[in-house]
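Read off the chains here:
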Amino acid sequence: MAGASGRVVRRWYPHVLRSFLQVPALQLHVSKTAMRASQKDFESALSQVKLLKDPGNEVKLKLYALYKQATEGPCNTPKPGVFDLINKAKWDAWNALGSLPKETARQNYVDLVSGLSSSSDSSSQVKPEADRKQRGYETLVVTSEDSITKIMMNRPAKKNAITTQMYNEIMLALKAASKDDSAITVLTGNGDYYSSGNDLSNFTDIPPEGIEEKAKSSAILLRDFVDCFIDFPKPLIAAVNGPAVGISVTILGLFDTVYASSRATFHTPFSHLGQSPEGCSSYTFPKIMGPAKAAEMLIFGKKLTAAEACAQGLVSEVFPDSTFQKEVWTRLKAYSKLPPNAMRISKQVIRNREKEKLHAINAEESRVLQERWLSDECTNAVMNFLTRKAKL
Ligand SMILES: CCCCC/C=C/C(=O)SCCNC(=O)CCNC(=O)[C@H](O)C(C)(C)COP(=O)(O)OP(=O)(O)OC[C@H]1O[C@@H](n2cnc3c(N)ncnc32)[C@H](O)[C@@H]1OP(=O)(O)O
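Within any chain, residue numbers begin from 1 and follow the written order of that chain's sequence. Owing to the predicted nature of the model, reporting of local features is limited to residues with pLDDT of at least 70; listing and counting of side-chain atom pairs is limited to 80 or more, with chain, interface and lining totals taken over all residues. Water and hydrogen atoms were dropped before computing side-chain values, which therefore reflect all heavy atoms in the structure.

Per an unreviewed UniProt entry, the protein is named Enoyl-CoA delta isomerase 2, and its organism is Acinonyx jubatus. Per UniProt, the comment on the protein under Sequence similarities (unreviewed entry) is "In the C-terminal section; belongs to the enoyl-CoA hydratase/isomerase family." UniProt positions are given in the numbering used here, feature names are shortened, and annotations may be inferred rather than shown by experiment.

Structure (structure tokens):
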């Protein structure tokens, strides 16, 4: 794209980076013309930055990755160390683009900036993110805006693996969202993954009472967590921004709508992990996709692409990754303007007759898993991951 000259982009890049490195309250904006603008035009766009909305770390990471891909090609630097969280998140984002051609990366970069710019233009009254962000969450970013409560899993360096703390925070956020004045609630992930599922290091935190007690408390946590989704009273939407694994996939059957990026995959490798299905998937998956397809996922761990998951009814719609955020949020903003009581009541009519059954299924799945967690098959699989011998 003529407008996306590397020269101009390079000047813009330190600005993105500075923003990503969390200069306080820095807000990002590049006008549509900035991509093909002179230095003077570009600097005038930069001067508007403080008036406009921060696109959030996820978008900043995407911009970073596309910039690197467009100017340098596929990721060619060593993976940063474990504790270098920011550089590792950036490296992951770049590396996730694989062998995407430079031209395509440049085009995607231009499209993304253009989308950001137009959404900024159309919302002159945007509150700074600091005002919209709800406090008290360490593993999530929770915001409420445009009648939408957005719950974003925020451990991108760990692929949004769900720790005990994150399970608890998601439950708190859902309970708060069920009572706030939003019309719809959205769960999504920050970074290149939607979520890699249960954080396997949860299994290493054994209390003095022993492993049986750990299995018991984990089963209670699992049951409470899934109950929150069964009981959630408002339309609940998953914006699956990237690969999804384990429990982040199984609970999708309890959502009202699931939007997926074309980069998303859906993987439930329970047998590989010596475990068994949860999230009511032993009931919802056969119902959604039929028993044969559900068995391939839940027993044999077949990983589905976004298109396959959509064809099988687990996903409502797939959007190209380059326009996923823009298209999904435009759609959701329109839906959030529908009469909220009508939407709640429609959800009740659709879901209520199943609720009792779902609670019973959740209890049974949690009971079975409590036993599985004590099995050699499960212990070995978790140890193999934690000692770096195995990966999915
Ligand atoms: C209490 C309720 C329990 C409910 C029951 C739930 C069951 C499930 O959800 S089962 C599914 C469990 N998930 C997994 O088995 C996924 C394990 N992860 C992987 O196989 C891989 O990490 C990957 C395929 C998801 C991504 O691979 P890759 O792109 O190569 O990235 P890394 O492996 O380098 O990951 C970066 C970083 O994140 C850590 N990590 C990722 N996922 C998990 C996880 N699920 N648990 C713990 N840690 C995870 C990974 O170890 C890396 O850490 P560092 O090496 O420290 O950078």
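**Q** Before we move on, could you go through the sheet that holds strand β8 (residues 304-305) and cite the residues and values that matter?
**A** Two pairing modes exist for strands in a sheet, parallel and antiparallel, and in both the strands are linked by backbone hydrogen bonds. At least two DSSP bridges between two strands are needed for those strands to be called paired. Elements are defined by DSSP. Helices are runs of H or I of four residues or more, strands are runs of E of two residues or more, and each kind is numbered from the N terminus. The sheet built from three strands is open, its strands ordered β5-β7-β8 with mixed pairing. If you trace the sheet from one side to the other, it starts and ends with β5 (244-245) and β8, each paired once.

**Q** Kindly report on the packing of helix α10 (residues 281-289) against helix α14 (residues 340-372), identifying the contributing residues and their values.
**A** Each axis is a line fitted through C-alpha atoms, taken for helices only over the stretch in contact, and angles between the N-to-C directions span 0 to 180 degrees. Look at α10 against α14: their axes get within 9 Å of each other, and the N-to-C directions meet at 125°. The angle between α10 and α14 falls in the class oblique. Counting all contacts with α10, which are made through Ser281, Ser282, Tyr283, Thr284 and Lys287, the residues of α14 involved are Glu354, Lys357, Leu358, Ile361 and Glu365. Each residue receives one of three labels: charged for Asp, Glu, Lys and Arg, nonpolar for Ala, Val, Leu, Ile, Met, Phe, Trp, Tyr, Cys and Pro, and polar for the others, Gly being one of them. Grouping the amino acids of the contact of α10 with α14 by side-chain chemistry returns three nonpolar, three polar and four charged. Our angle categories are set so that under 35 degrees counts as roughly parallel, over 145 as roughly antiparallel, 65 to 115 as roughly perpendicular, and the remainder as oblique. Should any heavy atoms of two residues lie within 4.5 Å, those residues are counted as being in contact.

**Q** Any details on the domain arrangement of the protein? Residues and values, ideally.
**A** Interface size is commonly expressed as the accessible area that is lost once the parts come together. Along its sequence, the protein is carved into domain 1 (39-116) and domain 2 (140-391). Residue ranges assigned to the domains are those given by an automatic or database domain assignment. Taking the mean C-alpha position of each, domain 1 and domain 2 sit 28 Å from one another. Domain 1 puts 11 residues into the contact, and the matching count from domain 2 is 14 residues. The three residues of domain 1 that bury the most area against domain 2 are Glu58, Lys62 and Asp92, which together make up 40% of that side's buried surface. Each reported salt bridge corresponds to a side-chain nitrogen of Lys or Arg within 4 Å of a carboxyl oxygen of Asp or Glu. At the surface where domain 1 touches domain 2, the tally comes to one salt bridge. Salt-bridge contacts for Lys159 lead to Asp92; the nearest nitrogen and oxygen are separated by 3.8 Å. In the analysis that follows, any N or O atom pair within 3.5 Å is treated as a polar contact, provided that within protein one partner can donate a hydrogen and the other can accept it, and provided that, for residues neighboring in sequence, both atoms belong to side chains. The tally of links between domain 1 and domain 2 comes to zero residue pairs in polar contact (both at pLDDT 80 or more). Looking at the side of domain 1 that touches domain 2, the elements with two or more residues in it are α3 (57-72), α4 (85-95) and α5 (102-121). Ranked by residues supplied to the side of domain 1 that touches domain 2, first place goes to α3 with four residues. The class makeup of the residues in the side of domain 1 that touches domain 2 is three nonpolar, three polar and five charged. The term buried area refers to how much accessible surface (probe radius 1.4 Å) is lost by two components on association, counted for both of them together.

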